[in-house]
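Below are the chains, spelled out letter by letter.
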Amino acid sequence: MQIDEELTLKKLETFLAFMRSGNLSRAAADLNTSNVSVHRAIHSLESALRCPLFKHEGRNLTPLESAYVLEEKAQKLIQDAVEMVRVTREAAGFSAERFKLGALYSLTVKTVPQLVMGLKLRRSELNIDLTLGSNVDLLYRLKNMELDAILVSLDDSVSDPDCEQLPLFSDDIFLAVPTDSPFANQNEVDLADLADSTFITLTQGFATHRDGARVFEQAGFEPKVAMQVNDIFTLLSMVSSGVGYALLPGRIAAVYENRVKLIRLQARYRLQQHIGVVFLKAKERDPNLLALLAECRMYSLRNAG
């Protein structure tokens, strides 16, 4: 038996509203529609089912046994339909109860905590999973639907036709030195003076590794790299222990502030990182993502100065 195309979930919802209220006017008010629309939906259901649901007694509709059977089955059908929509959207990453956020390690000092707190205020029921990594790694995970949004440096490595970007703030690159370094008391430094010094860098794929390479190129020398590490906090620990110097963004100034000092580079070496959120265009209407973007805009305004 084929299902008549006039048998729709919307009409079943109207029917259930009438069965709950027992009155056309109350059902219409509950649905924010007219009495005529409710009556028409019920009549259309009877036509689609090819059987009566009500006995017409003047202006009153008295449910028949068929109406009570339909009510029971329709309630379950609507519940199943709602659940079907929910799990389908969750499978696609839309409005799930978990939000998967990716970020650079350096953004956990200030930016990530503020955004997460704001997002939780907007959507208190949301559980947030945080994944840390490099620009390249995080974009790969975003494209594979493993992450819902990423907070990264907006450079060529995250430029993708399937993605949108929202800028947050810009950050200067500094020379990080131990507090007992001869450079620690300088207001700014000529990077060329450190051509014979030892440096620590992040591994390839990180925005700070790429930006550091550009700055060294401007300074005219290839740095002597003692070691490469996979996160900025290990790098800072190495700098504070005197293993070597590093080029790092200003946002990490509060970490090891008693043991590591950030020195401004001379103007000819200065370079800025532009930090922002990247997300898939296909998910731009997801309520969880929209809440994050709203919080990002607020964060950007607060830090505009």
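The paragraphs below set out a description of the structure included in this document.

Procedures and definitions
- Residues numbered from 1 in each chain as written.
- Predicted model: local features only at pLDDT ≥ 70, side-chain atom pairs only at ≥ 80, totals over all residues.
- Heavy atoms only, no water.
- 1 Å grid on protein atoms, 1.4 Å probe; cavity = no way out; pocket = protein on both sides within 12 Å on 5 of 7 lines; lining within 4 Å.
- Points joined across faces, edges and corners; volume = space filled by probe spheres on them.
- Nonpolar A, V, L, I, M, F, W, Y, C, P; charged D, E, K, R; others polar.
- Phe/Tyr/Trp six-rings, centres within 6.5 Å; stacked < 30°, edge-to-face > 60°.
- Helix = DSSP H or I, 4+ residues; strand = E, 2+ residues; numbered from the N terminus.
- Buried < 20%, exposed > 50% of the residue type's maximum accessible area, 1.4 Å probe, protein only.
- Salt bridge = Lys/Arg side-chain N within 4 Å of Asp/Glu carboxyl O.

The next thing to look at is empty space enclosed by the protein. Within this structure, the stated rule accounts for 1 cavity of 30 Å³ or more. Around the largest cavity sit Leu-104, Tyr-105, Ser-106, Leu-202, Phe-206, Ala-207, Thr-208, Ile-232 and Arg-251, which together line it. When grouped by side-chain class, the residues that make up the lining of the largest cavity number 6 nonpolar, 2 polar and 1 charged.

Let's shift gears to the packing of aromatic side chains. For the coordinates displayed, the defined rule picks out 9 aromatic pairs. For the ring pair Phe-199 and Phe-216, a centre distance of 4.9 Å and an interplane angle of 80 degrees mean the geometry is edge-to-face. Placement of the pair is Phe-199 in strand 8 (residues 198-202) and Phe-216 in helix 7 (residues 207-219), with a sequence separation of 17 residues. What makes Phe-199 buried here is its relative accessible area of 0%. Classification of Phe-216 by relative accessible area gives buried; the value is 6%. Ring plane angle 70 degrees and centroid distance 6.3 Å describe the contact between Phe-199 and Tyr-245, whose orientation is recorded as edge-to-face. Here Phe-199 is found in strand 8, whereas its partner Tyr-245 is found in the loop between helix 8 (232-240) and strand 10 (246-249), with 46 residues between them in sequence. Through a chain of ring-to-ring contacts, the aromatic side chains of Phe-183, Phe-199, Phe-216, Phe-221 and Tyr-245 assemble into a single cluster.

Going through the model one piece at a time under the given rule, you end up with 20 salt bridges. A salt bridge links Glu-295 to Arg-122; the nearest nitrogen and oxygen atoms lie 2.7 Å apart. Highlighted residues: Glu-295 in helix 9 (residues 287-302) and Arg-122 in helix 5 (residues 111-122), separated in sequence by 173 residues. Judged by relative accessible area, which is 8%, Glu-295 ranks as buried. On the accessibility criterion, Arg-122 (41% relative accessible area) is partly exposed. The shortest N-O distance in the salt bridge between Asp-190 and Arg-268 comes to 2.8 Å. Here Arg-268 lies in the loop between strand 11 (260-265) and strand 12 (272-280) and Asp-190 lies in the loop between strand 7 (188-189) and strand 8, a separation of 78 residues in the sequence. Note on Arg-268: relative accessible area 52%, which makes it exposed.

With that settled, the discussion passes to the layout of surface pockets. Volume-wise, the largest pocket comes out at about 230 Å³. Taken together, the elements giving at least two residues each to the lining of the largest pocket come down to strand 8, helix 7, strand 9 (224-229) and strand 10. Of all the elements, helix 7 adds the most residues to the lining of the largest pocket, at 6 residues. Surrounding the second largest pocket, Lys-10, Lys-11, Glu-13, Thr-14, Leu-31, Thr-33, Ser-37, Val-38 and Ala-41 form its lining.

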